[in-house]
Every structure is written in C-alpha cells, then in structure tokens.
Amino acid sequence: MTGFDTAPVVLSIKLAAVTVIILLIIGTPLAWWLAFTRNRLRVIIEAMTALPLVLPPTVLGFYLLILMGPAAVPGRWWVSLSGDTLAFSFAGLVIASVIYSLPFVVQPLQQAFQAVGREPLEAAATLGASPLDQFASIASPMAVRGYITATVLGFAHTIGEFGVVLMVGGNIPGRTKVVSIAIYESLETLDYANAHILSAGLLAFCFLVLSLVFLLNRRFPIEAR
Amino acid sequence: MTQGLQLDCRLDCGNFSCDLRQTLPLTGITALFGPSGSGKTMTLRMIAGLEPAAQGRIAVNGTTWLDTDAGESVSTHRRGAGFVFQDARLFRHLDVEGNLHYGAKRGFAQRSRINMSHVVDALDLGSLMGRRVTGLSGGERQRVAIGRAILARPKLLLMDEPLSALDLPRRAEIMSYIEALPALFGIPIIYVTHAIDEVARLAQSLALISSGRLVACGPVQETLARLDLPPLTGRFEAGVVLDGVVFEQDEKFALTSLDIGGQQLVVPALDLAHGESARLRVRARDVSIARAQPQGISIRNVLKATIAEVVLEPDTAFAEVRLSLGVQDLRARITRKAAADLRLKPGLPVFALVKSVTLDRRLLTPAVRTDGQEDPLH
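Residues numbered from 1 in each chain as written. Chains lettered and ligands numbered in written order. Predicted model: local features only at pLDDT ≥ 70, side-chain atom pairs only at ≥ 80, totals over all residues. Heavy atoms only, no water.

Notes on the overall build of chain B
What chain B contains, in helices and strands, is nine helices and 22 strands. Relative to the compact-globule value of 21 Å for 378 residues, chain B shows a C-alpha radius of gyration of 22 Å, a close match. Once the C-alpha set of chain B is aligned to its principal axes, its extents read approximately 65 × 50 × 35 Å. Within chain B, the proportion of its 378 residues that are buried is 53%. A fraction of 65% describes how many contacts in chain B between residues 6 or more apart in sequence connect residues 24 or more apart. By element, 50% of the accessible surface of chain B is carried by carbon and sulfur atoms, the whole surface being about 16100 Å². Charge-centre separation for chain B: the mean point of 45 positive side chains lies 3 Å from the mean point of 41 negative side chains. (Helix = DSSP H or I, 4+ residues; strand = E, 2+ residues; numbered from the N terminus. Rg over C-alpha atoms; globule rule 2.2 N^0.38 Å. Buried < 20%, exposed > 50% of the residue type's maximum accessible area, 1.4 Å probe, protein only. Contact = heavy atoms within 4.5 Å. Areas by Shrake-Rupley, 256 points an atom, 1.4 Å probe, with all protein chains shown as cover. Lys, Arg positive; Asp, Glu negative; His and termini not counted. Charge placed at Lys NZ, Arg CZ, Asp CG, Glu CD.)

Description of the overall build of chain A
Across its full length, chain A holds eleven helices and zero strands. In chain A, the order of α-helices and β-strands from amino to carboxyl end is α-α-α-α-α-α-α-α-α-α-α. With the C-alpha coordinates of chain A rotated into their principal frame, the extents come out at 65 × 45 × 30 Å. Across the 225 residues of chain A, 43% fall into the buried class. Sequence-distant contacts, at least 24 apart, represent 73% of the contacts inside chain A between residues at least 6 apart. For chain A, the accessible area works out to roughly 11500 Å², and carbon and sulfur atoms hold 71% of it. Within chain A, the 11 negative side-chain charges are centred at a point lying 8 Å from the centre of the 12 positive side-chain charges.

Considering helix H8 (residues 144-160) of chain A
An ideal rise of 1.5 Å per residue puts 24 Å on 17 residues; H8(A) measures up with 24 Å between its terminal C-alpha atoms. All of the buried residues along H8(A) are A:Gly146, A:Tyr147, A:Ile148, A:Ala150, A:Val152, A:Gly154, A:Phe155, A:His157, A:Thr158 and A:Ile159. (Expected span 1.5 Å × (residues − 1).)

Brief notes about the pattern of salt bridges
Residues and elements named next belong to chain B. One pass over the structure, following the stated rule, counts 26 salt bridges over all chains. When the shortest N-O distance is used, the salt bridge between Arg322 and Glu309 registers 3.0 Å. One end of the pair, Arg322, is in strand S18 (residues 318-324); the other, Glu309, is in strand S17 (residues 301-312), and 13 residues separate them in sequence. In this structure Arg322 comes out as partly exposed when scored by relative accessible area, which is 21%. Overall, Glu309 belongs to the partly exposed group, its relative accessible area being 24%. (Salt bridge = Lys/Arg side-chain N within 4 Å of Asp/Glu carboxyl O.)

As for the sheet that holds strand S20 (residues 349-354) of chain B
Residues and elements named next belong to chain B. Taken in spatial order, the five strands of this open sheet run S16-S20-S17-S18-S19, and their pairing is antiparallel. The outermost strands of the open sheet, each flanked by one partner alone, are strand S16 (287-290) and strand S19 (329-335). The average undirected angle you get between the axes of adjacent strands in this sheet is 45°. Pairing geometry for S18 and S19, over seven bridges, is antiparallel. Residue pairing across strands places Phe318 opposite Thr335, the latter belonging to S19. (Pairing = 2+ DSSP bridges. Axes fitted to C-alpha atoms, helices over the stretch in contact; angles between N-to-C directions.)

What to know about the domain arrangement of chain B
By a widespread convention, an interface's size corresponds to the accessible area lost as its parts come together. Residue and element names in this part refer to chain B. By the assigned domains, chain B splits into domain 1 (5-225) and domain 2 (239-359). A C-alpha centroid distance of 34 Å is found between domain 1 and domain 2. On the side of domain 2, ten residues touch domain 1, which itself brings nine residues to the contact. Contact between domain 1 and domain 2 buries roughly 780 Å² in total, counting both sides, with carbon and sulfur atoms accounting for 53%. The largest contributions to the domain 1 side of the interface with domain 2 come from Gln221, Leu224 and Ala225, which together make up 64% of the buried area. Linking domain 1 with domain 2 are zero salt bridges. Between the two partners, domain 1 and domain 2, sit four residue pairs in polar contact (both at pLDDT 80 or more). Put simply, the parts of the chain that give the side of domain 1 that touches domain 2 at least two residues each are helix H7 (196-202) and helix H8 (220-225). Here the side of domain 1 that touches domain 2 is composed, by residue class, of seven nonpolar, one polar and one charged. (Domains from an automatic or database assignment. Buried area = accessible area lost by both parts, 1.4 Å probe. Polar contact = N/O pair within 3.5 Å; in protein donor to acceptor, adjacent residues only side chain to side chain. Nonpolar A, V, L, I, M, F, W, Y, C, P; charged D, E, K, R; others polar.)

Overview of the side chain of B:Ser38
Residues and elements named next belong to chain B. Considering the arrangement of structural elements, one finds Ser38 in the loop between strand S3 (29-33) and helix H1 (40-48). Among the polar contacts listed, one links the side chain of Ser38 to the backbone oxygen of Pro35, at a separation of 2.6 Å. Each residue touching Ser38, except ones within four places of it in the same chain, is listed here: Phe16, Ile209, Ser210, Ser211 and Gly212.

Some details on the nonpolar core
Residues B:Leu5, B:Leu7, B:Leu156, B:Leu158 and B:Ile190 are the most contacted members of the largest nonpolar core, which totals 66 residues. If one sorts the elements of this core by residue count, helix H5 (residues 90-116) of chain A sits on top with ten residues. Leave out the neighbours within four places in its chain, and B:Leu156 touches B:Leu5, B:Leu26, B:Val60, B:Trp65, B:Gly80, B:Ala81, B:Gly82, B:Ile187, B:Pro188 and B:Ile190. One finds B:Val96, B:Val144, B:Met159 and B:Ile174 within the second-largest nonpolar core, a separate group that totals 48 residues. (Core = buried A, V, L, I, M, F, W, Y, C linked by side-chain atoms within 4.5 Å.)

Digging into the environment of A:Ala72
Residue and element names in this part refer to chain A. Following the sequence through the fold, Ala72 ends up in the loop between helix H3 (57-68) and helix H4 (73-82). Note on Ala72: relative accessible area 14%, which makes it buried. Not counting chain neighbours up to four residues away, the residues in contact with Ala72 comprise Ile66 and Leu67.

Examining a nonpolar patch on the surface
Residue and element names in this part refer to chain A. On the surface, Trp33, Leu41, Val43, Ile44 and Met48 cluster together into a nonpolar patch covering about 500 Å² of accessible area. For the nonpolar patch, the leading source of residues is helix H2 (residues 42-54), giving three residues. By relative accessible area, which is 48% here, Leu41 ends up partly exposed. (Patch = residues over 30% accessible without salt bridge, like charges linked within 9 Å, V, L, I, M, F, W, Y side chains within 5 Å.)

Topic: the interface of chain A and chain B
Opposite the 23 residues of chain A that make contact, chain B presents 24 residues. Around 2200 Å² of area is buried between chain A and chain B when both sides are counted, 60% of it from carbon and sulfur atoms. The interface formed by chain A and chain B includes three salt bridges. Of the charged contacts in the structure, one is a salt bridge between B:Arg106 and A:Asp133, with a shortest N-O distance of 2.5 Å. Where chain A packs against chain B, one counts seven residue pairs in polar contact (both at pLDDT 80 or more). Broken down by secondary-structure element, the contributors of at least two residues to the side of chain A that touches chain B are helix H6 (118-126) and helix H7 (131-142) of chain A. Across the side of chain A that touches chain B, the residue classes break down as 13 nonpolar, five polar and five charged.

Details of the packing of helix H1 (residues 7-36) of chain A against H5(A)
All names here are of chain A. Remark: H1 packs on H5, axes separated minimally by 6 Å, with the N-to-C direction vectors making an angle of 45°. Classified by the interaxial angle, the pair formed by H1 and H5 is oblique. Crossing of H1 against H5: the hand is right-handed. Residue composition of the contact of H1 with H5, grouped by class: 22 nonpolar, seven polar and one charged. (Parallel < 35°, antiparallel > 145°, perpendicular 65-115°, else oblique. Left-handed = near helix turned anticlockwise from the far one by under 90°.)

The structure is reproduced here in structure tokens:
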C-alpha cells in the first residue's frame, strides 16, 4: 500500500460544503415560491427543479460540459472573467453539483414550508410581522426539520456523485479529483487497499451523518420552544 | 373624517362573490351575523388585508386601508387589524408566553395602556404562561389567541367565530372575557358569529350578512326587531332582545321584576342588585297577542303594546307582527288567521303575552344550561 492520499477526501468535503451553502441560499426562496405561489408557471418550474432526479448524470454532465466549454457563451464569459476554463475546474464542479443536487435541497424545504402553511403566516401578519419577519420568526423555525433534511441530503448527494463530476471535472488531483473518482481510479490501477480505505471511509461517514440527522430530528420536535 | 369602518369593496371567487357597502360602527362589539357560507369570514379577511384580490375601498376612522381606484393597498402587517381566528392559530414552536410576546414585540400603536400584566390578568393567562400550546384546551387556546392579538395594540379586533369549536360551558366562560374587552382595552371588536345567543349577549350593534351582501346594520334591538329582513336566524329563533333594569326582587316566589321602558317584566330570580341591568331575548314564537286584557291566565307577563307592523307570509299559515312597547319593540309570530280574526293593523293597541324569555347577559342563576336559561313564565 502506497501512502494514503487525503486530498480527494478534503476536496469532496469542500465541494459538498460549498454546494450545500449555495443551495440553501438559492433553494430557500425557490422552495418558498414553489410552496406558496398561485402562479401557473409553478408546474414548469417544479418539473425543472426535479429533472436531475430522473436524468442520467451523463446527460446532465454532457450538457454542462458543452455549456462550460470555451465555445459556449457561459464558458467564454467565465474565461474572460477569471482567466480559467469552467470545465475541469473546481468552480465548474460546484456549478454542476448545485444543479445536480438542487432537488435534494429544494424538495424537503418546499415540503416543510407547505407543512407550515399560510395560516400561521397570516396570523403573524395580523400581529404586525412583515413578510421577511414572518419567514425569520415563524416559517424557518417551524421548518427546521426540513432544513436539516435538506442540508444532509444535499451534502451526502454531492459527496456521492460520480457521473456528472467525471464528465465536467475529469480527474485532476487537488482540483477535481474527489473521493468517488479516486475510488474508481484506485480500482482501475488495481490499488484495492486504497479503494477499500476510501469506500469504507465514505460508508462510515454517510452512516454517521444520517444517524446524526435522525438524532437531531428527534431533538427538534417543532412544538418545543 | 368619517368615523367607523367604511366598507365599499368586492371580492369575486368564482362561485361566490362578496359585495359589501356599509359603514360599521367602531364602538364596543359589533356582531357580524349570518348563516354559514354567507361571506362572514371573507369580510373579515378583506378588512384585514388577507385577500389580495379585494377591490374597492376600505377605511377605518378616515384612514384608508384599501383604495384600488387610487392604487392604494396597505399591507396586512401595517393595517393594525387584530385577528382572532376560528382555529386560534397559535405558533406551535413557541410556548404561551412566547406567543403573547410575539404580539407585544411587534404591534401597532406606540403609546397605549395595554401591557402584558394587564392582558394576562384580564384573560387569566397567568397559570398558562410556560405551557406548550399543543397541550392547551380549546378555551385556553382562544384566550391566548385573544391576548396575543390585543397585545399587538390593534386599531380594531376582528374575531372569526372564536367560540365555534368549544362546548357550551366553555363558550359561556369565554364570552364573559370577550364582553369586557372593549371597555378594558379601548379596542372595538367586529365579531363574526352564526349563533344568536352570542349576538344577544355580546353585541351592541348588529350587521346582518346574507349571500355576500351586508343587508342591515344598526343597534342590536332595532335590527332584530325588523321584519323586512330575511329570516337569518331561522323562524324558530327569530326574536328581539330587550334591555331591562332590576327594580324589585320577590324572594317568596323567587322572581325578579325588570323595568323595560316603563313596563314590568317578571322573570325567575336573577342574582342582580337593584338598578343593575340584564339583557333578555324574547323569541317571536313565544309572544301571543290579545285585543283585551286577559283574565285568569297563568302567563305573568302581559305587556301593553301597539301594533307597529304586520307582515303576512304568503303561502304559509303565519304572520310576523312588530309590537311597540314604547321605547323597545317585540316581535310576535302568529297565524295569518289570528291576524285576520283580531283585525290587527298598525296603530292598534293590544296586549302582548310573553310566554318565555331567555336571559343572555349576567346570567348568574344556578342554571345548568349555559346558553341562556329559559323558563316558562306562567
């Protein structure tokens, strides 16, 4: 067994953390809108949000790769902005992960907001709470379980993704080589020891995270203050 | 500046539409009364700004809340319309104290005599403060919801059938809290209900709503006595309320005499002091009419009256008669045949025989019934 390389692990965690933070920021207003709008466009936006659930990662990765390439407008724009290509970069991986993990964050949040419902928000408004105040003081504490679920699912799903990462990021050590890619590479080079360590580590990690979630869910019954 | 709650607004929800044109008084408690599905809740929601599709104009004591022609619409959290919902809608992630503070911390008027201890005392919330809201009974929930709404210091309080989910003893209990609110906190109340006993007990003014239209508005006694209004209460419950002052207690027979504008009404003993007032409800079907003073009958209450109005109901056996007792009115429901035989017409002096009354306010007799005690007055 050659020296164990921790870089893919660090990179995976960094990628998942950044992705989840971005997803919570853009997923909250999107989930809020989907939960409460009466707009007829809702169905279409909802379907688009759920697309990554059913689309093969290779299809998503293929389109993203094309968009990120220097021939497409977004890719060209990124090159002129940062001097680097979007494809095969960490930034490209983040964008791909955000899109790929979007439903795993938006759907739990949307369900949580729908469970809160309009009723307590209307009550808050009649007590003088502005819409932002209603969100901060009523909806988000009531939807705390939804946030926990969204964070964990988004994080775990990003850690575990393979197809999209391979197509968009390739396998550049320290840049785009995440754990799932590293395991695949270890296998190809018949480095079973390394594959074992990484796989077992990922397995243990996922199990721990999920256990933590279920524990937290028990600790946060929303009736409590 | 026009006083009161001016409504000139519309809302169309496909299969149902509301069209409200009326100025409601903003003093004491105004009951908004009508059958289920007549648009009562929708009216309150339009006033509170919870129906974004509402059109027209709403103003409170001259302050515009909605004027769609001028493109004006004050959002709910800036209106100052407190709302007590039918289902209380307490925040379940907060305890009772947290719910009360939520209203107190935000709220509307800056300077006000309303404070936490005042409200907690008025609604007896002291023992509930640390409780989780999911563990509260229906009556406790409504008390907390009322306290929370008052602590936000609203300009008016909208109450949407706050007692409908409660059993009879609870209803009587909560009513005694509600009737004290306007005087204690200086907040006028618009009170939605479809229970006539709540109207009679709590309200000074009555607005009637039917199929999304406000058909009448005025003092409770006057409005209930009118015969030209659709039978909103159902024939069985149609009647009037009379306000009387205690002037004599007969301990031997356990009777109380009340002065109702110069005439005497005798009812089973009320635990009220001389000079205190009570509100009585007299149903039209419990009033008979005689041309001459009847002799040797068991009915104790024979009042001198003048026929004010006779409405014959075509295709039925019945007629509705409004009788003037001087200051207050009575309603009688008799057969058309009786009206014809007695040749009843406006201006005719008659005797009104009151068979039974219901006591609605300050009910302190050891009664089992809590929706107003009813006894034959023979």
